[in-house]
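The primary structure of each chain is shown beneath.
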Amino acid sequence: MDRKQTNNDLLTVKGLTKYFETRAGFLEKPTLVRAVDGVDLKVGHKDVLGLVGESGCGKSTMGRSILRLIEPTDGEIIFDSEDVMKADSRKLRSLKRRMQIIFQDPFSSLNPRKRVIDTVGEPLIIHEIAKRRDLRDRVVSILEKVGLSSDSLYRYPHEFSGGQRQRIGIARALAVEPVFIVADEPLSALDVSIQAQIINLLQDLQRSLGISFLFISHDLKVVRYFSERVAVMYLGIIVETGLTEDIFTNPKHPYTEALLSAIPIPDPSTKRKRIILPGDVPNPSQIPSGCRFHPRCPYRFDPCDKFRPKTTDIKGGHLVECHLRG
Ligand code: SF4
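Position numbers for residues start from 1 in each chain and track the written sequence from start to end. Restriction of local features to residues with pLDDT of at least 70 applies here, the model being predicted, together with a cutoff of 80 or more for giving and counting side-chain atom pairs; totals for whole chains, interfaces and linings are based on all residues. The side-chain quantities take in all heavy atoms of the structure and omit both hydrogens and water.

Here's the deal with the environment of Arg 97
For the record, the criterion: The helix count covers DSSP runs of H or I at least four residues long, the strand count covers runs of E at least two residues long, and both are numbered beginning at the N terminus. Any two residues having at least one pair of non-hydrogen atoms within 4.5 Å are treated as being in contact.
Here Arg 97 is to be found in helix H2 (residues 89-98). For the pair Arg 97 and Asn 283, spaced 186 residues apart in sequence, the C-alpha to C-alpha distance is 35 Å. Not counting the four nearest positions on each side in its chain, Arg 97 is found in contact with His 127, Ile 129, Val 176, Glu 177 and Pro 178.

Set out below in structure tokens:
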């Protein structure tokens, strides 16, 4: 599900699917984990689409599948009019220059044996963006964009704080001048005091460089701050999509409503009823029948466990998959 096609779409994903086979033991039968189960979405030029949902709902798998860091099982990915699924290794390398990722964990995503100049400069050499003699100056200018000085050039990751390491990860992604970045929970491994600095940095870069983002996060406050549109994911599918303010002020899917009810309100005089959902997100190898949210939904009624709801456009591209709205 997603808003209507516009000529401004940079990325169009249709029916994206990623299944994994797992085995509990050597002699056990394999089970199929439906991590991403037929997702449609679009990201426009200079657009920020926030992707939210509980952990284990398939957000990160979707982000990585779009970039083919893991191979999707099925679906269509059109990026800037190019068919990503059909790209051979050479084509994929050139596409990856324009599509980058910022990882969740700045500690494990950097090679501890590489100095900053190598980490940030290597993509410039691989993609033939800079000659070796220009490398230092190019890397210094990229580091300046993320608020690091030239003193960082010949230092190793362990010499930096968590926030500085995430800045290095962002610099590495920016080095190849991408037009689209998947930011996969880029704040969740950082101290709260550092998170605000990094989200402000990402917002400055998004505005000044016009980069489009798929911003994956379980932190709804941050998603509201950074994203123009939001997609809510539950158990491998998108259940609601729309403009950020529409979703946050007028959620139409019971799952979105429950997620938003958990956000603390700064004003103690304002009361909001917290909706506690029973149980955890079900195992993606045992998807419930009908509406996959029905075992936890406070509003479920007769058709919910039998038929999957259709997607309904409530208004102006605010899309919901729920029988209450059909
Ligand atoms: Fe709840 Fe039924 Fe809507 Fe699913 S379709 S979210 S179970 S009301």
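Concerning the site of the ligand
Our working definition: Here a residue counts as near a molecule or strand whenever at least one of its heavy atoms sits within 4 Å of it. In this analysis, the protein atoms alone were mapped onto a 1 Å grid. Cavities are point sets where a 1.4 Å probe fits without being able to get out; pockets are open sets with protein on both sides within 12 Å along at least five of seven lines; lining residues have an atom within 4 Å of a point. By definition, a pocket or cavity contains a molecule when more than half of the molecule's atoms lie within 2 Å of the pocket's grid points. When residues are sorted by character, Ala, Val, Leu, Ile, Met, Phe, Trp, Tyr, Cys and Pro go into the nonpolar class, Asp, Glu, Lys and Arg into the charged class, and all the rest, Gly among them, into the polar class.
Around the ligand there are 13 residues in total, and Cys 291, Cys 297, Cys 304, Cys 322 and His 323 lie nearest to it. Placement of the ligand is best described as lying within the largest cavity. Each residue belonging to the shell around the ligand can be placed in one class, and the counts come to nine nonpolar, three polar and one charged.

Observations concerning empty space enclosed by the protein
Operational definition: Grid points are joined across faces, edges and corners, and a volume is the space filled by probe spheres set on the points.
Counting across every chain of the model gives one cavity of 30 Å³ or more. In this structure, the largest cavity spans a volume of roughly 80 Å³. Taken together, the residues of the lining of the largest cavity sort by class into ten nonpolar, three polar and one charged.

A short note on the sheet that holds strand S12 (residues 318-321)
Definition in use: Strand pairing is defined by DSSP finding a minimum of two bridges between the two strands. Orientation is described by axes fitted as lines to C-alpha atoms, over the contacting stretch for helices, and by angles from 0 to 180 degrees between their N-to-C directions.
The sheet built from eight strands is open, its strands ordered S6-S7-S8-S3-S9-S10-S12-S11 with mixed pairing. Each of the sheet's edge strands pairs with one partner strand only, and the pair in question is strand S6 (99-102) and strand S11 (311-315). Going from strand to strand, the sheet's axes swing by 20 degrees on average, the running direction of each strand aside. Across five bridges, the pairing between strand S7 (residues 180-184) and strand S8 (residues 212-216) is parallel. The residue bridging Ala 183 from the neighbouring strand is Phe 215, located in S8. Against the sheet, H2 touches S6 and S7, its axis set at about 60 degrees to S6. The sheet contacts of helix H5 (residues 162-174) involve S6 and S7, and relative to S6 the element is tilted by about 175 degrees.

Quick notes on H5
Counted only if it meets this: The length a helix should cover is 1.5 Å for every residue beyond the first. The buried label applies to any residue whose accessible area, calculated with a 1.4 Å probe on protein chains only, is under 20% of its type's maximum; exposed applies above 50%, and partly exposed to all values in between.
Along its 13 residues, H5 runs 18 Å from first to last C-alpha, staying within 8% of the 18 Å computed at 1.5 Å per residue. Where burial is concerned, most of H5 is hidden: eleven out of the 13 residues are buried. Those residues of H5 lying buried are Gly 162, Gly 163, Arg 165, Gln 166, Arg 167, Ile 168, Gly 169, Ile 170, Ala 171, Ala 173 and Leu 174. Where H5 is buried, its residues meet S6, helix H3 (116-126), helix H4 (135-145), S7 and helix H6 (192-209).

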